[in-house]
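# Chains, contacts and geometry: an overview
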Amino acid sequence: MTITNIQYIRRKHIPLHSYKNNYDQNSNKLCLNCNKPVLGRRSDAKYCSNDCSWDFYVKNNWRLLRIKIMRRDKFTCQQCGDKRNRIKVNERSRRNFQVDHKIPVFKGGKQLEESNLWTLCIKCHLAKTRSELRERSYTKNNK
Ligand SMILES: [Zn+2]
Ligand SMILES: [Zn+2]
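Heads up: these notes are all about the structure in this document. (Residues numbered from 1 in each chain as written. Chains lettered and ligands numbered in written order. Predicted model: local features only at pLDDT ≥ 70, side-chain atom pairs only at ≥ 80, totals over all residues. Heavy atoms only, no water.)

A few words now on the coordination of the zinc ion (ligand 2). Cys77 (SG), Cys80 (SG), Cys121 (SG) and Cys124 (SG) make up the full set of protein donors to the zinc ion (ligand 2), lying at 2.3 to 2.4 Å. Bound by 4 donor atoms, the zinc ion (ligand 2) shows angles of 105 to 115° at the metal and therefore tetrahedral coordination geometry. Along the chain, the residues that donate to the zinc ion (ligand 2) are spaced as C-x2-C-x40-C-x2-C. One end of the pair, cysteine 80, is in the loop between helix H3 (62–72) and helix H4 (91–94); the other, cysteine 121, is in strand S2 (residues 117–121), with 41 residues separating them in the sequence. Judged by relative accessible area, cysteine 80 falls into the partly exposed class, the value being 47%. On the basis of relative accessibility, which here comes to 4%, the residue cysteine 121 falls in the buried class. (Donors = N, O, S within 2.8 Å, 3.2 Å for Na, K, Ca; no water. Tetrahedral: all angles 85-135°; square planar, octahedral: opposite > 155°, others 65-115°. Helix = DSSP H or I, 4+ residues; strand = E, 2+ residues; numbered from the N terminus. Buried < 20%, exposed > 50% of the residue type's maximum accessible area, 1.4 Å probe, protein only.)

In structure tokens form, the structure reads like this:
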């Protein structure tokens, strides 16, 4: 993959057509999502199946992924259990929750991995971010 995490952070959303497929030694095209050869599909296919296509699309679209995670967590803060806005599921109430990386990216946490993402209320998210920033500058200063 030619696109780095750094670019991902800067641009937030990378158009999917800018991803290029890799090829194996037998010049089989490899699925962008699972890296298995793309067989028996249209010559311009980038994925081995429609499932992989959708999976890749969701994983690479932060906005969609966020909503998916918030749905999974039932719009409930996973730290303090706050679910004040659970019933009002419109764009405005969603903003009271934020999707956070359990293991922060700077500590090696996966950026787009569902298992590393959870829903937090703004209060918990702010507190967590603050302590992480403190930790981060601490490790930086002591290197
Ligand atoms: Zn695949
Ligand atoms: Zn909370």
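After presenting the structure, the write-up continues.
In this section: the coordination of the zinc ion (ligand 1). Within the first shell, the zinc ion (ligand 1) binds the protein through Cys31 (SG), Cys34 (SG), Cys48 (SG) and Cys52 (SG), at distances of 2.3 Å. Every donor counted, the 4 donor atoms about the zinc ion (ligand 1) form angles of 106 to 116° at the centre, which fits tetrahedral coordination. Counting the intervening residues between successive donors of the zinc ion (ligand 1) yields the motif C-x2-C-x13-C-x3-C. With cysteine 34 in the loop between helix H1 (5–11) and helix H2 (50–59) and cysteine 48 in the loop between H1 and H2, this residue pair connects regions lying 14 residues apart in the sequence. Judged by relative accessible area, cysteine 34 falls into the partly exposed class, the value being 29%. Among the residues examined, cysteine 48 registers a relative accessible area of 25% and is labelled partly exposed.

For the rest of this paragraph, the subject is the packing of aromatic side chains. To describe a pair of aromatic rings, one takes the distance between the centres and the angle between the planes. If you walk through the whole model with that rule in mind, you get 3 aromatic pairs. With 5.1 Å between their ring centres and 85° between their planes, tyrosine 19 and phenylalanine 56 make a pair best called edge-to-face. Taken together, the positions of tyrosine 19 in the loop between H1 and H2 and phenylalanine 56 in helix H2 put the pair 37 residues apart, joining distant regions of the chain. The exposure class assigned to phenylalanine 56 is buried, which follows from its relative accessible area of 4%. Ring geometry for tryptophan 54 versus tyrosine 57: centroids 5.7 Å apart, planes at 40°, classification tilted. Linking tryptophan 54 with tyrosine 57, this pair stays in helix H2, spanning 3 residues, or about one helical turn. With a relative accessible area of 53%, tryptophan 54 lands in the exposed category. What makes tyrosine 57 partly exposed here is its relative accessible area of 32%. (Phe/Tyr/Trp six-rings, centres within 6.5 Å; stacked < 30°, edge-to-face > 60°.)

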